[in-house]
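Close look at the chain arrangement
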Amino acid sequence: MKRKLLIAVVVLVLALFTANSSWLWGSAEGNPPLLAHRGIAQTYPLDGVQNDTCTATRIHPPDHAYLENTLDSMRASWAAGADMLEFDVQVSADGRLVVFHDNTLECRTNGSGLVKDHPFDYLRGLDLGYGYTADGGATFPLRGTGVGLMPTVEEVVAAFPGRELLLDVKNDAEGDAVAAYLTTLPAERRATMAAYGGDTAMEVIRGEVPGFRVASRAIMKDCMVSYLATGWTGLVPGACEHIELHLPARYGRWLWGWPHLFVDRMTAVDTRVVLVAGDGPWSEGFDSADSLDGVPEGWSGWLWTNRTDVVAPHV
């Protein structure tokens, strides 16, 4: 009896893994689409980075002159082969949706204080390249190149009609302002856009803009926990439908059907799977040809990158 039970268990386990074999059933088509993080950005080493680290003071020696979150850097990313653009969104003191990453201004610019405490005219006049240095402050190679370059969300949307856009809502309390703007857009334009950010902001946007694609830590966790419990059946839980999933590759090995069958299943429920480099806490991208060694062979999901110009020729 024990031998029969053991055989039955082995057969069941083999059946489960066979049914969820990415290599047997998944479509390894390759040619992954690229998500350009803030356009083409200056990169920096991530070792030792904390929430309050001024990353502009630790950039690699620049090999291009683009500044993140500017229209020029965005245009350059499209020209280099980007398929989707990610950019940061905050609300100014006079209610404008501005495109800038840091809550404070001192790190990157010649301004001071919080973004939310200044009107747009002040923010537009700042030099976005003021604080960048690769040699500990001996030189500032981008200083003077970023004056007047901070765009609004409206300007970005207008500049790239029909292109896929991903809004990073930086402050959880600003979901209402972003939702109000989204409702002014035609449904067909909203269909090419998505947002991610804090749990509260994303629930606000999800409630006020029905059908809009969103992602947050809670939304992604809900999907992953549900899928781990039921994905062995081949069925995708409702929590995973029509969302954005940003996953480090190392987490994927625990998911049923990883990598190719998993991507196929998520695609079937209109969910985008975006592979990020590193362990996940920071916006680490696939920014060099060597970094692509960490991408599963034949990957057909999205790739997160700060350097579309560098990686596009290699995918």
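Residues numbered from 1 in each chain as written. Predicted model: local features only at pLDDT ≥ 70, side-chain atom pairs only at ≥ 80, totals over all residues. Heavy atoms only, no water.

Joining two cysteines, a disulfide is a covalent bond between their sulfur atoms. Summed over the entire model, instances satisfying the criterion amount to two disulfides. Note on cysteine connectivity: C54 is disulfide-linked to C107, with sulfurs 2.0 Å apart. With the S-S bond torsion at 90°, the cross-link from C54 to C107 turns out right-handed. Here C107 lies in the loop between β3 (97–98) and α4 (120–124) and C54 lies in the loop between β1 (34–37) and α3 (71–80), a separation of 53 residues in the sequence. Looking at C107, the relative accessible area reads 14%, which means it is buried. Sulfur-sulfur distance for the disulfide between C223 and C240 comes to 2.0 Å. Here C223 and C240 share a disulfide; its torsion about the S-S bond, 105°, makes the bridge right-handed. Linking C223 in helix α9 (residues 217–230) with C240 in the loop between α9 and β7 (244–248), this pair joins segments that are 17 residues apart in sequence. When sorted by exposure, C223 lands in the same class as C240, which is buried. Taken in N- to C-terminal order, the disulfide-linked cysteines of the protein are connected 1-2, 3-4. (Disulfide = S-S within 2.5 Å. Helix = DSSP H or I, 4+ residues; strand = E, 2+ residues; numbered from the N terminus. Buried < 20%, exposed > 50% of the residue type's maximum accessible area, 1.4 Å probe, protein only.)

For the rest of this paragraph, the subject is the confidence of the model for the protein. Residues shown with low pLDDT carry predicted positions that ought not to be read at fine detail. Confidence in the prediction of the protein, expressed as mean pLDDT, is 92, and 90% of residues score 70 or more. This model gives residues 6–16 a pLDDT under 50, and the stretch forms one contact once residues within four places in sequence are excluded. (pLDDT = per-residue confidence, 0-100. Contact = heavy atoms within 4.5 Å.)

Okay, the packing of aromatic side chains next. By the definition in use, this model includes five aromatic pairs. An angle of 80° between the planes, with centres 6.3 Å apart, marks the rings of Y196 and W304 as edge-to-face. Of this pair, Y196 sits in strand β5 (residues 193–197) while W304 is found in strand β9 (residues 302–305), placing the two residues 108 residues apart along the sequence. Per residue, the accessibility class of Y196 equals that of W304, and both read buried. Arranged with centres 5.3 Å apart and planes meeting at 75°, the rings of Y227 and F262 form a pair that is edge-to-face. You can see Y227 sitting in helix α9 and its partner F262 sitting in helix α11 (residues 260–268), a full 35 residues away along the chain. Summarising the burial analysis for this pair, Y227 and F262 share the class buried. Here the aromatic cluster, defined as three or more aromatic residues joined through ring pairs, consists of Y227, W258, F262 and W299. For the cation-ring pair, R163 lies above W78, with the distance from its terminal atom to the ring centre recorded as 3.9 Å. (Phe/Tyr/Trp six-rings, centres within 6.5 Å; stacked < 30°, edge-to-face > 60°. Lys NZ or Arg CZ within 6 Å of the ring centre and 35° of its normal.)

Turning next to the environment of A312. Looking at the element boundaries, A312 is found in the segment after α12 (308–311). In this structure the C-alpha to C-alpha distance between A312 and D287, which are 25 residues apart in sequence, comes to 9.7 Å. In this structure, A312 is in contact with L34 and A80, ignoring residues within four places of it in sequence.

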